[in-house]
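# Coordinates in review
For reference, the chains in residue letters:
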Amino acid sequence: MIRERTSYSCVCDGCGYEQFDDYWSEDAALAQAEDDGWTYCEDSQGDWETYCPNCHPMYVCHHCGLKSDCNEPGWQERDGHVDCPNHLHADCRECRCHDIGTRYRLEYQGWSHELDLCPDHNPKRNRE
């Protein structure tokens, strides 16, 4: 008897390494991959990618789609999204106002270095 069988395994989008075992469903393969330390994330086009523990996924800014590896400074994770250095979020802990921009622009306008105090509540702001 000949029986057709479909099996699933995860392949790393970084290096091409493939999981050794075959699984009966895509969900089972992804669950085992996550248990083994694999990363499963969405890219800027909405496609899902998997990375083995030896590879780092690319950060993709959800504002502009800019890609970067995990080692570049200035990237910010927030509410399940990643923002590039051009789209940092600043939230004032005093009045809850919000702004988005580069660190240079936000600090120039008077936000604190930690981006947690707006120009109106930043005691270090040079007031004229």
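What comes next is a walk through the structure. (Residues numbered from 1 in each chain as written. Predicted model: local features only at pLDDT ≥ 70, side-chain atom pairs only at ≥ 80, totals over all residues. Heavy atoms only, no water.)

A word on the overall build of the protein. The helix and strand tally for the protein stands at two helices and eight strands. For the protein, the succession of helices and strands along the chain, N to C, is α-β-β-β-β-β-β-β-β-α. Looking at the 128 residues of the protein, the share that counts as buried comes to 31%. In the protein, the share of contacts with a sequence separation of at least 24, taken over all contacts with a separation of at least 6, comes to 18%. Accessible area for the protein stands at about 9200 Å²; split by element, carbon and sulfur atoms hold 45% of it. (Helix = DSSP H or I, 4+ residues; strand = E, 2+ residues; numbered from the N terminus. Buried < 20%, exposed > 50% of the residue type's maximum accessible area, 1.4 Å probe, protein only. Contact = heavy atoms within 4.5 Å. Areas by Shrake-Rupley, 256 points an atom, 1.4 Å probe, with all protein chains shown as cover.)

This part covers the packing of aromatic side chains. Counted according to the given criterion, the structure contains two aromatic pairs. Ring geometry for Y104 and Y108: centres 6.2 Å apart, planes at 20 degrees, overall stacked. Of this pair, Y104 and Y108 both sit in helix α2 (residues 103-108), four residues apart, which is roughly one turn of the helix. When its relative accessible area of 65% is taken as the criterion, Y108 is described as exposed. (Phe/Tyr/Trp six-rings, centres within 6.5 Å; stacked < 30°, edge-to-face > 60°.)

For the rest of this paragraph, the subject is the pairing of strand β8 (residues 98-101). Across four bridges, the pairing between strand β7 (residues 88-91) and β8 is antiparallel. When the bridges of β8 are listed, A90 appears paired with D99. Taking the residues between adjacent antiparallel strands as the criterion, β7 and β8 are bridged by six residues, where R96 takes a positive phi near 65 degrees. (Pairing = 2+ DSSP bridges.)

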